[in-house]
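Examining the three-dimensional arrangement
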Amino acid sequence: MRTRLRTALTTTTLGVGISVFAIHGIAAASTSAIPTGNAPSCVAVWQNTGTITKTGYARNDCGYSLNLKIVWANGVDGSCQTARPGDTIKSKVPRGPRNFDGADRC
């Protein structure tokens, strides 16, 4: 069965002023627009922001394997990883000027 990323997103504002986007039932904290990168639309992307680090995620919801990397602004991107259908890749960076820009094919 093939699952596609839905374009409808719901937004909730937490008491601390952070917007939360629900993508396929997974909540991801973000303070900017939903990033995409150049990965196909069947790849779901999100980030979690902690007190010291940020972690970017990409889940392959396509029916085929992809080579993907997490893209970060203002620094080095994550490593290129093979994601089979249903696999999730991640990349963790220190907080600061780094912004999550989604996932790219590599």
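All of the points below concern the structure found in this document.

Basis of the calculations
- Residues numbered from 1 in each chain as written.
- Predicted model: local features only at pLDDT ≥ 70, side-chain atom pairs only at ≥ 80, totals over all residues.
- Heavy atoms only, no water.
- Core = buried A, V, L, I, M, F, W, Y, C linked by side-chain atoms within 4.5 Å.
- Buried < 20%, exposed > 50% of the residue type's maximum accessible area, 1.4 Å probe, protein only.
- Helix = DSSP H or I, 4+ residues; strand = E, 2+ residues; numbered from the N terminus.
- Contact = heavy atoms within 4.5 Å.
- Phe/Tyr/Trp six-rings, centres within 6.5 Å; stacked < 30°, edge-to-face > 60°.
- Pairing = 2+ DSSP bridges.

1. Remarks on the nonpolar core
One finds V43, V45, A58, L68, I70 and I89 to be the most contacted residues of the largest nonpolar core, which totals 15 residues. Elements supplying a minimum of two residues to this core: β4 (43-49), β6 (66-73), β8 (88-94) and β9 (99-105). Setting aside residues no more than four positions away along its own chain, A58 makes contact with V43, A44, V45, I70, D87, T88, I89 and A103.

2. Here's the deal with the packing of aromatic side chains
The relative placement of two aromatic rings is captured by the distance of their centres and the angle of their planes. All chains considered together, the criterion is met by 2 aromatic pairs. Ring centres of W46 and Y57 lie 5.3 Å apart, and the angle between their planes is 10°; on these two criteria the pair is classed as stacked. Residue W46 is located in strand β4, and its partner Y57 is located in strand β5 (residues 53-60); the two are separated by 11 residues in the primary sequence.

3. Details of the pairing of β5
The buried count for β5 comes to 7 of 8 residues, which makes it a mostly enclosed element. Pairing of β4 with β5, which is carried by 7 bridges, proceeds in the antiparallel orientation. Across the sheet, V45 pairs through a bridge with A58, a residue of β5. Here β4 hands over to β5 after 3 residues, the two strands then running antiparallel side by side. As judged from the 7 bridges shared by β5 and β8, these two strands associate in the antiparallel manner. Across the sheet, the residue bridging to T53 is P94, located in β8.

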